[in-house]
Amino acid sequence: MTIHAHALLFDNDGTLVSSLDSVERCWSRWAREYGITAEEFARVELHGRTAVEVVGDLLPARLVPQAVARVEQLEVEDVPDGGVRLLPGTRAFLDALPADRWAVVTSATRRLAEARLDAVGIRPKALVSADDVTRGKPDPEPYLLAARQLGVDPARCVVFEDAPAGLRAGRAAGMATVALATTHRAEELDADLVVRDLSALSVLVTDGGVEIAVRG
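Everything numeric in this text was worked out from a predicted model, so none of it was measured. Per chain, the residues get numbers from 1 upward, laid out in the order the sequence is written. Residue-level local features of this predicted model are given only where pLDDT is at least 70; pairs of side-chain atoms are given and counted only at 80 or more, and the full residue set underlies all totals for whole chains, interfaces and linings. Side-chain figures throughout are based on the complete set of non-hydrogen atoms in the structure, without hydrogens or water.

Caption draft 1: Geometry of the overall build of the chain. Broken down by element type, the chain carries eight helices and 11 strands. Relative to the 2.2 N^0.38 estimate, which gives 17 Å for 216 residues, the radius of gyration of the chain is 17 Å and therefore close to what a compact globule would have. In terms of overall dimensions, the chain has C-alpha extents of about 55 × 35 × 30 Å along its principal axes. When burial is assessed residue by residue, the chain has 51% of its 216 residues classed as buried. We call two residues in contact when some of their heavy atoms are within 4.5 Å. Across the chain, contacts joining residues at least 24 apart in sequence account for 61% of those joining residues at least 6 apart. Areas reported as accessible are Shrake-Rupley estimates using a 1.4 Å probe. Residue values count occlusion only from the protein chains shown. A total of about 9900 Å² of accessible surface is found on the chain, and carbon and sulfur atoms cover 49% of it. His is not counted here, nor are the chain ends, while Lys and Arg score as positive and Asp and Glu score as negative. Here the site of a charge means NZ on Lys, CZ on Arg, CG on Asp, or CD on Glu. Taking the average place of the 24 positive charges on the side chains of the chain and the average place of its 33 negative ones, the gap between the two points comes to 1 Å. To qualify as a helix, a DSSP run of H or I must reach at least 4 residues; to qualify as a strand, a run of E must reach at least 2; elements of each kind are numbered from the N terminus. Restricting the calculation to C-alpha atoms gives the radius of gyration, and the globule rule supplies 2.2 Å times the number of residues raised to the power 0.38. Type-normalised accessible area, obtained with a 1.4 Å probe on protein chains alone, sets the label of each residue: buried when under 20%, exposed when over 50%, and partly exposed for intermediate values.

The structure is reproduced here in structure tokens:
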């Protein structure tokens, strides 16, 4: 299978990098600080959602701004302590792309996203964070904004995601979707193409766009 596109839009955590251990560490500490029980915390979907949405499910509205700032602080401070690492295939895949053909679209805040990306040497020309939108994934707003930033028709974009919420956002934006089975089982991911990670894909840049294919 080959997918043709003019621009590639990547989620970050679980797609380009792994921060799962850091997320679990920091959010567990945050939950203890705010008196959230393990049972309450387990009922909330964490991955692929903004911190504001997650905190809003757990605390009264008056506490949300302070609590969001606290978990962001914990996660940013955790980055130098092994809080992020590149996933297989990320470096080679991104290095093959012109800077104006791809963007990072993340549910993290800009401060946290930039800290994680900088730690592994990824510097996208275009970055859409939770700070840039009013509605996060699974709403299509983040991916539509990235397409506008790159000046590309949404129908000519491909979304790379590891979370169901992000894949729903890509589909709602009218984009092709590639799912990476890095944090969810392949059968849980509804996409045009499902692979284990970016190392399973090859990329070819042409005058007409970008061609993505499964290796082998």
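And the narrative resumes.
Caption draft 2: Highlighting the side chain of D11. Relative to the elements of secondary structure, D11 occurs in the loop between strand 2 (7-10) and strand 3 (17-18). Once residues within four sequence positions are removed from consideration, D11 is found in contact with L16, V105, T106, K137, Y143, F160, E161 and D162.

Caption draft 3: Here's a closer look at the sheet that holds strand 11 (residues 209-214). One requirement defines pairing of two strands: DSSP has to find at least two bridges between them. Spatially, 1-11-10 is the arrangement adopted by the three strands of the open sheet, whose pairing is antiparallel. For this open sheet the edge positions go to strand 1 (2-5) and strand 10 (201-206), each flanked by a neighbour on one side alone. Averaged over all pairs of adjacent strands, the angle between strand axes in this sheet comes to 20°, irrespective of strand direction. Summarising the sheet, strand 10 and strand 11 pair through six bridges and their orientation is antiparallel. Bridging from a neighbouring strand, S202 pairs with A213 of strand 11. Orientation is described by lines fitted to C-alpha atoms, with helices fitted over the stretch in contact, and by angles between N-to-C directions that extend from 0 to 180 degrees.

Caption draft 4: Up close: the pairing of strand 1. Because side chains alternate across strand 1, one face comprises the buried residues I3 and A5, and the other comprises T2 and H4, none of which is buried. Judged from the four bridges that link them, strand 1 and strand 11 form a sheet pairing that is antiparallel. Residue pairing across strands places H4 opposite E211, the latter belonging to strand 11.

Caption draft 5: Region of interest: the packing of helix 3 (residues 51-58) against helix 4 (residues 64-78). One can describe the packing of helix 3 onto helix 4 by two numbers: an axis separation of 9 Å at closest approach and a directional angle of 125°. It follows from the interaxial angle that helix 3 and helix 4 lie oblique. Note that helix 3 runs across helix 4; the crossing there is right-handed. Each of A51, V52, V55 and G56 in helix 3 lies in contact with helix 4, whose residues at this interface are V64, A67, V68 and V71. Of the residues contributing to the contact of helix 3 with helix 4, the split by class is seven nonpolar, one polar and no charged. Reported orientations rely on four angle classes, namely roughly parallel under 35 degrees, roughly antiparallel over 145, roughly perpendicular from 65 to 115, and oblique for the rest. By definition, turning the near helix anticlockwise from the far helix through less than a right angle yields a left-handed crossing, and turning it clockwise yields a right-handed one. Three categories are distinguished: nonpolar for Ala, Val, Leu, Ile, Met, Phe, Trp, Tyr, Cys and Pro, charged for Asp, Glu, Lys and Arg, and polar for the others, with Gly belonging to the last.

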